[in-house]
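Topology and contacts: notes
What follows is each chain in one-letter form.
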Amino acid sequence: MILSPKDKITTPQAAVIVINFILGTGLLTLPRSSTEKVHTPDVWISVILGGAIAIIAGVIMVKLSQQFPEKTFYQYINDIVGKWVGRLLSLVVICYFLTTSGFQLRAMAEVIKYLLLEGTPTWAIIMIFMWVSLYLIIGGINPIARLFEIILPLTVILFLVVTFMSIKIFEIDNLRPVLGEGIIPVLKGVKTTALAFSGPEIMLLLLPFMNQPKKAVKALIVGVSIPLIFYVITVVMVIGALSVDGVVMRTWPTLDLIRSFEISGLIFERFESLLLVVWIMQIFATFTITYYAAALGLAQLSKKSIHPFMFGLLPILYIIAMIPRNINDLFKQGDFVGNMALFLFGLLPLLLLIISRIKGGKYETNT
Amino acid sequence: MKQTHSKIRPLFISLSVFLFLSLTGCWSSHEIEEQSLGIGLAFDKGKQSSIEKKLNEQGGGYSKRNLITATYQFITPLVASSTTKQAGPQQKSYVNVSESGDSFHQMVREISLRSEQPVTAHHMKVVVISESLAKSYKLEQLLDQNFRESEVRPSCLVLISKGRASKTLETKKAGEIPAFRLAGIVENAYRSTRILPPMSHIKVESKIKSGSSFLLQNVLSANGQVKFAGAAVIDGKTHKMTGFLNEEELEGVTWITGKGKGGVVKSFYKETGQLIVYEIETMKSRIIPRVKGNNISFDVNIESVGRLSENWVLSGNTFKNEFLKKAEKSSEKEVKRLVRNVLEKMQKEYKVDVAGFGNRLRIENPKVWKKVKKDWDQTFSETPINYNVKLTINDYGTSGGSKK
């Protein structure tokens, strides 16, 4: 696939894409999934550590991609490990993006069905979502980046307003003692929280689209730090209000936090709809970018136009989204995606980076 | 490019016309005018209402055990609109419907057989559980359906009634809605130390999960009137109601936790035996756990600033600091009595910790807490507790001097 010169994004846009990719289902489930592992109120420390790990992994991926500033991961992997292994790995990465995509889709449908549109069939919710997303990605990376730029400020404002309103039921005692049982429980949660930051991997594909690939590290660090702040606020507020014991009981703890108070006197008494707006936008962003990444991968593997793949992936995504039979299966699918990410984007880029460094500057003459 | 556009355009036009069809509305829309909004819920020991009995005599009913009677209070649009229009003698603005059975969800659905307007619970404000029920079933079983479903908000309050819970959802005053009345009284915590901080579903659920004992506000009813009176003690192990704190004991708990927002302390002046009333402006309490080896003890430091709001002591001159000091002492003595009173009740009679001593220990000495957590209520009942009360009167209103 040939990139048109118009298909370039600025450094802030790259950061915005990373932010929007990271924020997704985790916003609603992270307080529970991490507290289940940690069992002390120190979850927020785990979140910070997880974020730090995500930044390190992200920097490795960026460094790897910066060796081939003109190519995406799907293209340069062949140069590093050879054609066949490269193709295989590309396919695995594509599978990862597809599964993530399907997982986000289904999680969104489950929450909407539970809280907003009780009688609406799942397929109806999912399909509209997919069509709108298809419409967006047909335009390429630039429209995606611009839409994300619109979504982000809305997310930040609405999310902060809604979360800080819960200060009424916030109790600092629920967050104490800090490190009461030492650092061990905190470390137990780091894997879960680090996975909540899956998203920097998009830098593997984003780099050739950037008009200043040299600033990619900057974009990445900003891109991970903002979700980190979001996650810390979420975890602190949710545990502060619901307590460690309460959080592990709730399927969607962040949503329950907002449902646990009413403020009379303002125009609205209840604010969960605002949170859901933010969340659905974020899910849409995550879904769209992973969908695009998968389509881009297939197009670059087969060296054909991207559009047929975009349409072709629709039914596949739908099937992936419908595979989990119930919500427990869905969460299992989420864990599976997470473990995949751990290998693909935690270990693999480091290996590739080492291999490419050992092989040295061979490629520059090749390309 | 031009050519493809002209081909696509009719397609787009027909598509947009087609999309209009989807604009007709929500997939599962139910008009709000056709719903009855459930606002209050009372759980009692099973006792069929006369209507139910008559229906059953004619062959109604299904296979069930009449263990529980749930009373739903709802506002129907019909009633709501009639109260706003009517100028003459007002009607009741709510409807109570009772159902007996064993499954809460099935009981709600039974109501759909009796009324054309299905009940929705999105606006449920308060759930009242009767003492007899709370003593025989675990709280998490009674409330499970509420915790689980999406309609009842986690902010919905939970109360206990010593009498029949359904009676607290009745009133004789025209235009008054009993469920709103109950939810409104909770907001009055800034007027009295005898109201517990609101216990919503979400707080109850986390308390249950944490395994610590806690209090739920008790409400009494007589003749269509209600009163918040004391609190029910929920045991952390059985999750059943084990005891009851009366109003003064609840006051003592509020002083220990320091969570009161306002209220008064009535005491008798030592020299003359006449009344002095201290009004709380701020209240602060620090529970300090002291651990020495295997011995745990607590110090409770209670501090409060307030005003002299009522003074029957004729000789008392509020312009003189000596009198104010004596008044402070007198009120302090009363607070001490309240605290001592409730500590005795908690440690000796019920053997539960409902004032948050365990929580302080958890925060200050997490390692010790881990050891004693399992049998905390038992350990607590043998723990020595010292308490200090310091009240400061900084104001006596617009009337000063001595009355003599």
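Residues numbered from 1 in each chain as written. Chains lettered and ligands numbered in written order. Predicted model: local features only at pLDDT ≥ 70, side-chain atom pairs only at ≥ 80, totals over all residues. Heavy atoms only, no water.

For the rest of this paragraph, the subject is the overall build of chain B. A tally of helices and strands in chain B yields 14 helices and 13 strands. Across its three principal directions, the C-alpha atoms of chain B cover 95 × 65 × 60 Å. Taking the contacts inside chain B whose residues are at least 6 apart along the sequence as the reference set, 71% of them involve residues at least 24 apart. For chain B, the exposed area adds up to about 21,200 Å²; of that, 54% sits on carbon and sulfur atoms. Across chain B, the mean location of the 62 positive side-chain charges is 4 Å away from that of the 42 negative side-chain charges. (Helix = DSSP H or I, 4+ residues; strand = E, 2+ residues; numbered from the N terminus. Contact = heavy atoms within 4.5 Å. Areas by Shrake-Rupley, 256 points an atom, 1.4 Å probe, with all protein chains shown as cover. Lys, Arg positive; Asp, Glu negative; His and termini not counted. Charge placed at Lys NZ, Arg CZ, Asp CG, Glu CD.)

Secondary structure summary: chain A contains 16 helices and 0 strands in total. Relative to a compact globule of 367 residues, whose C-alpha radius of gyration would be 21 Å, chain A shows 20 Å and is just as compact. In terms of its C-alpha atoms, chain A occupies a principal-axis envelope of roughly 65 × 45 × 35 Å. Within chain A, buried positions represent 60% of all 367 residues. (Rg over C-alpha atoms; globule rule 2.2 N^0.38 Å. Buried < 20%, exposed > 50% of the residue type's maximum accessible area, 1.4 Å probe, protein only.)

The next subject is the confidence of the model for chain B. Summing up the model confidence of chain B, the mean pLDDT is 85 and the portion of residues at 70 or higher is 92%. Considering only residues more than four positions removed or in separate chains, one finds that residues 85–89 of chain B, a stretch of pLDDT under 50, has 1 contact. (pLDDT = per-residue confidence, 0-100.)

Okay, the domain arrangement of chain B next. All names here are of chain B. For chain B, the domain assignment lists domain 1 (32–245) and domain 2 (248–404). For domain 1 versus domain 2, the distance between C-alpha centres works out to 33 Å. Taken together, the contacts link 23 residues of domain 1 with 20 residues of domain 2. For the pair domain 1 and domain 2, the summed buried surface comes to about 1,600 Å²; carbon and sulfur atoms form 62% of the total. The interface formed by domain 1 and domain 2 contains 2 salt bridges. Between Lys-237 and Asp-375 there is a salt bridge, with the nearest N and O atoms lying 2.9 Å from each other. Taken together, the links from domain 1 to domain 2 amount to 8 residue pairs in polar contact (both at pLDDT 80 or more). For the side of domain 1 that touches domain 2, the secondary-structure elements that each account for two or more residues are β7 (214–222), β8 (225–234) and β9 (241–245). Looking at the side of domain 1 that touches domain 2 element by element, the count peaks at 4 residues for β9. (Domains from an automatic or database assignment. Buried area = accessible area lost by both parts, 1.4 Å probe. Salt bridge = Lys/Arg side-chain N within 4 Å of Asp/Glu carboxyl O. Polar contact = N/O pair within 3.5 Å; in protein donor to acceptor, adjacent residues only side chain to side chain.)

Summed over the entire model, instances satisfying the criterion amount to 22 aromatic pairs over all chains. Ring geometry for A:Tyr96 versus A:Phe345: centroids 4.9 Å apart, planes at 65 degrees, classification edge-to-face. Linking A:Tyr96 in helix α5 (residues 83–116) with A:Phe345 in helix α15 (residues 327–359), this pair joins segments that are 249 residues apart in sequence. Exposure class is identical for A:Tyr96 and A:Phe345. Each is buried. Taking 6.0 Å as the distance between ring centres and 45 degrees as the angle between the ring planes, the aromatic pair formed by B:Trp376 and B:Phe380 counts as tilted. Of this pair, B:Trp376 and B:Phe380 both sit in helix α14 (residues 376–381), 4 residues apart, roughly one helical turn. Since its relative accessible area comes to 6%, B:Trp376 is described here as buried. One aromatic cluster is present, formed by B:Phe298, B:Phe357, B:Trp369, B:Trp376 and B:Phe380 through successive ring pairs. Stacked on the ring of A:Phe331, the Lys or Arg A:Arg32 has its end atom at 4.8 Å from the ring centre. For B:Lys162, the ring lying beneath its charged end belongs to B:Phe244, and the centroid distance is 4.0 Å. (Phe/Tyr/Trp six-rings, centres within 6.5 Å; stacked < 30°, edge-to-face > 60°. Lys NZ or Arg CZ within 6 Å of the ring centre and 35° of its normal.)

Counted according to the given criterion, the structure contains 38 salt bridges over all chains. Measuring nitrogen to oxygen at the nearest pair gives 2.7 Å for the salt bridge that ties A:Lys71 to A:Asp79. Among the ionic pairs, A:Glu262 bridges to B:Lys125, the shortest N-O distance being 3.4 Å. Of this pair, A:Glu262 sits in the loop between α12 (253–259) and α13 (272–302) while B:Lys125 sits in the loop between β4 (119–120) and β5 (126–130), placing the two residues on different chains. Among the residues examined, A:Glu262 registers a relative accessible area of 18% and is labelled buried. Note on B:Lys125: relative accessible area 22%, which makes it partly exposed. Look at the salt bridges and you will find they share partners, linking A:Glu262, A:Arg270, A:Glu272, B:Lys125 and B:Arg153 into a network.

All names here are of chain B. Relative to the elements of secondary structure, Leu-314 occurs in the loop between β12 (295–311) and α11 (321–350). Classification of Leu-314 by relative accessible area gives partly exposed; the value is 42%. Residues Leu-314 and Gly-401 lie 87 residues apart in sequence; the distance between their C-alpha atoms is 9.7 Å.

Residue and element names in this part refer to chain B. Residue placement: Ser-285 occurs in strand β11 (residues 275–292). Residue Ser-285 is classed as buried on the basis of its relative accessible area of 18%. Within the structure, Ser-285 has its side chain in polar contact with the backbone oxygen of Ile-256 (distance 2.5 Å). When residues no more than four places from it in sequence are discounted, the contact partners of Ser-285 are Trp-255, Ile-256, Thr-257, Gly-258, Val-300, Asn-301 and Ile-302.

Our focus in this paragraph is the sheet that holds strand β13 (residues 385–393) of chain B. Picture the strands of a sheet paired through backbone hydrogen bonds; they go either parallel or antiparallel. All names here are of chain B. Taken in spatial order, the 4 strands make up an open sheet running β10-β11-β12-β13, and their pairing is mixed. Among the strands making up the open sheet, the edge pair consists of β10 (263–268) and β13. This sheet shows a mean twist of 40 degrees between the axes of neighbouring strands, independent of strand direction. Sheet strands touched by helix α12 (residues 357–364): β11, β12 and β13. Its angle to β11, the strand with the most contacts, is close to 45 degrees. (Pairing = 2+ DSSP bridges. Axes fitted to C-alpha atoms, helices over the stretch in contact; angles between N-to-C directions.)

Here the focus is the interface of chain A and chain B. Every contact between the two is made by 35 residues of chain A and, on the other side, 29 residues of chain B. Summed over both partners, the interface of chain A with chain B comes to about 2,600 Å²; 48% of that surface belongs to carbon and sulfur atoms. In terms of surface lost to chain B, no three residues of chain A exceed A:Arg250, A:Arg259 and A:Arg270, which account for 21% of the buried area on that side. Connecting chain A to chain B are 7 salt bridges. Notably, a salt bridge pairs B:Arg153 with A:Glu272, separated by 2.7 Å at the nearest N-O pair. The tally of links between chain A and chain B comes to 17 residue pairs in polar contact (both at pLDDT 80 or more).

This part covers the packing of helix α4 (residues 73–81) of chain A against α5(A). All names here are of chain A. α5 packs onto α4 with a crossing angle of 145 degrees between their chain directions and a minimal axis gap of 7 Å. Helix-helix and strand crossings are classified by hand; for α4 and α5 the assignment is right-handed. Contact residues: α4 offers Phe-73, Tyr-74, Ile-77, Asn-78 and Val-81, while α5 offers Lys-83, Val-85, Gly-86, Arg-87, Leu-89, Ser-90, Val-93, Ile-94 and Phe-97. Of the residues contributing to the contact of α4 with α5, the split by class is 9 nonpolar, 3 polar and 2 charged. (Left-handed = near helix turned anticlockwise from the far one by under 90°. Nonpolar A, V, L, I, M, F, W, Y, C, P; charged D, E, K, R; others polar.)

This part is about the packing of helix α1 (residues 11–22) of chain A against α13(A). Residues and elements named next belong to chain A. Viewed as axis vectors pointing N to C, α1 and α13 meet at an angle of 110 degrees, and their least axial separation amounts to 7 Å. For the element pair α1 / α13, the angle class is roughly perpendicular. Our pair here, α1 against α13, has a crossing hand that is left-handed. Facing α1, whose interface residues are Ile-17, Asn-20 and Phe-21, α13 presents Gln-282, Ala-285, Thr-286, Ile-289 and Thr-290. Here the residues of the contact of α1 with α13 are counted per class, giving 4 nonpolar, 4 polar and no charged. (Parallel < 35°, antiparallel > 145°, perpendicular 65-115°, else oblique.)

Attention now moves to the side chain of B:Glu52. All names here are of chain B. With respect to the helices and strands, Glu-52 occurs in helix α2 (residues 50–57). Residue Glu-52 is classed as buried on the basis of its relative accessible area of 4%. If near-sequence neighbours (up to four positions away) are discounted, Glu-52 is found in contact with Lys-64, Ser-98, Glu-99, Ser-100 and Arg-114.

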